[in-house]
Amino acid sequence: MNESNFLIDKEIEIELKKAIEQNQFSLHYQPKLDLRTGELVGVEALIRWNHPRWGMVSPESFIRIAEETGLIIPIGEWVLLAACRQMVNWQHEGFFTVVSVNLSPKQFSNSNIVKTIEEVLQKTGLDPHFLELELTESLKSDMEHTISSLQQLKQLGISISIDDFGTGYSSFNYLKEFPIDTLKIDQSFVKELHHQPNDEAIVKTIISIAHNLNLKVVAEGIETKEQLIFLQQHLCDQGQGYFFSKPMPATELKEKLFDVQQVVNDHGMPEGTRNR
Ligand code: C2E
Ligand code: MG
Ligand code: MG
Ligand code: MG
């Protein structure tokens, strides 16, 4: 890292500490749909940082620093609490859905994640069946500790998903060792579906690996009708992407839900995919 990057990282670190104290974070929710029926099957909670001077700062630019500095621990706890609280609020309004929360590997290695999640569930009163955790394939350190934490979380009724599947390493180890429910195909493979024959093959392969292992498979980053139809034809279970909806604040999501769910029915649904 050169000196100016170091200074920028240092400044972001200082500002992140203030952000935690001053409540500058919020969550947006992106719908996840059943690609066969168009129904909402869940929402992914994605953190947003509204900095007083910088404006909206993308997670791509601060999650890494939060991880390196350990600030991801309090930030991650805030995310879990806010997401679970939102689900309970929605449930009070009669709207029930599963929330997926992204976890950083640091939350497994540098904190007692099982205890944190149990406390959050207790505090909010959320039934654990409405919570899913998304992990990436970068959980390299202390596999045994991670696996045992995941097993405890699964026993509570929480589901586990591998995010950005195919971009990490040791994918097959994960499939073998981790108690997972779902694979999320990384958006980089979905993006080039109609330009890169290799990506078509990779997407088809991930779908069949998932199904052979009795896992659900979700495609992320669906932006076009062509991508949606390809995924439907190859029996991908669920999808997320700008083609349906961008991530949005909780209030907006509830208002737009009907329109979002219509997208699958309005576009595509090729012959033979509806009643499989
Ligand atoms: P991710 O978990 O793989 O989330 C998907 C990202 O793709 C999100 O970016 C989402 O807004 C974006 N996306 C969704 N659909 C489309 C699409 O059709 N096209 C394109 N181009 N992008 C799409 P976002 O919100 O900027 O988050 C980026 C990453 O930051 C996430 O990737 C996740 O790894 C991390 N992140 C976000 N929130 C949290 C959090 O609360 N905790 C942790 N540890 N990481 C988080
Ligand atoms: Mg994710
Ligand atoms: Mg992802
Ligand atoms: Mg990602």
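Cut-offs and rules
- Counting starts from 1 at the beginning of each chain's written sequence and moves along it residue by residue.
- Here the convention is simple: chains get letters from A, ligands get numbers from 1, in the order in which they are written.
- With the structure being a predicted model, the display of local features is reserved for residues of pLDDT at least 70 and the display and counting of side-chain atom pairs for 80 or more, all residues being used for whole-chain, interface and lining totals.
- With hydrogens and water excluded, all non-hydrogen atoms of the structure serve as input to the side-chain values.
- Helix and strand definitions follow DSSP, with helices as H or I runs of at least four residues and strands as E runs of at least two, each counted in order from the N terminus.
- The globule rule used here is 2.2 Å times the number of residues to the 0.38 power, and the radius of gyration it is set against is calculated over C-alpha atoms.
- To sort residues, take the accessible area from a 1.4 Å probe on protein chains only and compare it with the maximum for the residue type: under 20% means buried, over 50% means exposed, and anything in between is partly exposed.
- Contacts were defined at the residue level, with two residues in contact if any of their heavy atoms lie within 4.5 Å.
- All accessible-area figures derive from a Shrake-Rupley calculation using a 1.4 Å probe, and residue coverage is judged against the displayed protein chains alone.
- In this tally, Asp and Glu contribute negative charge and Lys and Arg positive charge; neither His nor the terminal groups of the chain are included.
- The atoms used to mark charge sites are NZ of Lys, CZ of Arg, CG of Asp and CD of Glu.
- When at least one non-hydrogen atom of a residue lies within 4 Å of a molecule or strand, that residue is treated as near it.
- Two N or O atoms count as a polar contact when they lie within 3.5 Å, although within protein this holds only if one can serve as hydrogen donor and the other as acceptor, and sequence-adjacent residues are included solely when both atoms are side-chain atoms.
- Throughout, the ten residues Ala, Val, Leu, Ile, Met, Phe, Trp, Tyr, Cys and Pro are labelled nonpolar, Asp, Glu, Lys and Arg are labelled charged, and all others, Gly among them, are labelled polar.
- A donor here means any N, O or S atom no more than 2.8 Å from the metal (3.2 Å for Na, K and Ca); water is not included, so a site may seem to lack partners.
- Any two strands with at least two DSSP-identified bridges between them are counted as paired.
- Handedness of a crossover is defined as follows: orient the strands so they point away from the viewer, and if the path from the first strand over the helix to the second runs clockwise, the crossover is right-handed.
- Centre distance within 6.5 Å is the pairing criterion for rings of Phe, Tyr and Trp, where only the six-membered ring of Trp is used; planes under 30 degrees apart are then read as stacked, over 60 as edge-to-face, and the remainder as tilted.
- We call a charge positioned over a ring when the NZ of a Lys or the CZ of an Arg lies within 6 Å of the ring centre and within 35 degrees of the ring normal.
- To define a nonpolar core, start from buried Ala, Val, Leu, Ile, Met, Phe, Trp, Tyr and Cys residues and group those joined through side-chain atoms within 4.5 Å.

- The name an unreviewed UniProt entry assigns to the protein is histidine kinase, from the organism Neobacillus bataviensis.

Examining the overall build of the protein
Move 1: In terms of helices and strands, the protein carries eleven helices and nine strands.
Move 2: For a compact globule of 276 residues, the expected C-alpha radius of gyration is about 19 Å, and the protein comes in at 19 Å, within 12% of that figure.
Move 3: Counting only C-alpha atoms and orienting by the principal axes, one finds that the protein spans roughly 55 × 40 × 40 Å.
Move 4: For the protein, the residues scored as buried account for 50% of the 276 residues in total.
Move 5: Looking at the protein alone, contacts between residues at least 24 apart form 69% of all its contacts between residues at least 6 apart.
Move 6: Looking at the protein as shown, the accessible area adds up to about 13500 Å², and 48% of this sits on carbon and sulfur atoms.
Move 7: A distance of 2 Å separates the average location of the 25 positive side-chain charges in the protein from that of its 39 negative side-chain charges.

Structural notes on the site of ligand 1
Move 1: Near ligand 1 there are 23 residues, and of these Arg48, Asp163, Gln187, Glu223 and Tyr242 occur at the shortest range.
Move 2: Residue Glu44 places a side-chain N or O atom 3.0 Å away from an oxygen atom belonging to ligand 1.
Move 3: Where the shell around ligand 1 is concerned, the elements lending two or more residues are strand S2 (40-51), helix H2 (59-69), helix H3 (72-92) and strand S6 (159-165).
Move 4: Counting residues per element, the shell around ligand 1 draws most heavily on S2, which supplies four residues.
Move 5: The class makeup of the residues in the shell around ligand 1 is nine nonpolar, six polar and eight charged.

Here's the deal with the coordination of the magnesium ion (ligand 3)
Move 1: Coordination of the magnesium ion (ligand 3) by the protein is provided by Asp163 (OD), Asp164 (OD), Glu220 (OE) and Glu220 (OE), with metal-donor distances spanning 2.1 to 2.3 Å.
Move 2: Taken as an interatomic distance, the gap from the magnesium ion (ligand 3) to the magnesium ion (ligand 2) is 4.0 Å; Asp163 donates to each of them.
Move 3: Residue Asp163 is classed as buried on the basis of its relative accessible area, which comes to 7%.

Description of the environment of Ser111
Move 1: Counting through the fold element by element, Ser111 comes out in the loop between helix H4 (105-109) and helix H5 (113-124).
Move 2: Separated by 64 residues in sequence, Ser111 and Leu175 have C-alpha atoms that sit 24 Å apart.
Move 3: Discounting residues that sit within four places of it in the chain, Ser111 has contacts with Ile73 and Lys106.
Move 4: Here the side chain of Ser111 touches Gln107 through a polar contact of 2.7 Å, landing on its backbone oxygen.

Section: the pairing of strand S8 (residues 216-219)
Move 1: Direction of pairing for strand S7 (residues 182-185) relative to S8: parallel, over a ladder of four bridges. Looking at the pairing, Ile185 lines up with Ala219 of S8.
Move 2: Bridge analysis of S8 against strand S9 (residues 238-239) gives two bridges, and the strand direction is parallel. For Ala219, the partnering residue across the bridge sits in S9 and is Gly239.
Move 3: Crossover S8 to S9 through helix H10 (residues 225-233) is right-handed.

Some details on the packing of aromatic side chains
Move 1: All told, the structure shown has nine aromatic pairs when counted by the stated rule.
Move 2: Note on Trp49 and Trp54: the rings are 6.0 Å apart at their centroids and 70° apart in plane angle, and the pair reads as edge-to-face.
Move 3: The exposure class of Trp49 is buried, given its relative accessible area of 0%.
Move 4: By relative accessible area, which is 34% here, Trp54 ends up partly exposed.
Move 5: Counting every residue linked through ring pairs, the aromatic cluster contains Phe25, Trp49, Trp54, Phe62 and Trp78.
Move 6: In this structure, Lys246 packs its charged tip against the face of Tyr242, placed 4.7 Å from the ring centre.

Here's the deal with the nonpolar core
The tendency in soluble globular proteins is for nonpolar side chains to be buried side by side.
Move 1: Counting 81 residues, the largest nonpolar core has Leu16, Tyr29, Leu131, Leu133, Ile185 and Phe244 as the members making the most contacts within it.
Move 2: No other element matches H3, which puts eleven residues into this core.
Move 3: Dropping the residues within four chain positions of it, Leu133 is found in contact with Leu80, Val101, Leu103, Ile117, Leu153, Ile158, Ser159, Ile160 and Ser161.

Here we look at the pairing of strand S1 (residues 25-34)
Move 1: For S1, the tally of buried residues reaches nine of ten residues, placing the bulk of the element in the interior.
Move 2: One ladder, built from nine bridges, connects S1 with S2; its direction is antiparallel. Considered in S2, the bridge of Pro31 is made with Val43.
Move 3: In the sheet, S1 pairs with S9 via two bridges, with the strands oriented antiparallel. Bridged to Leu33 within S9 is Gly239.

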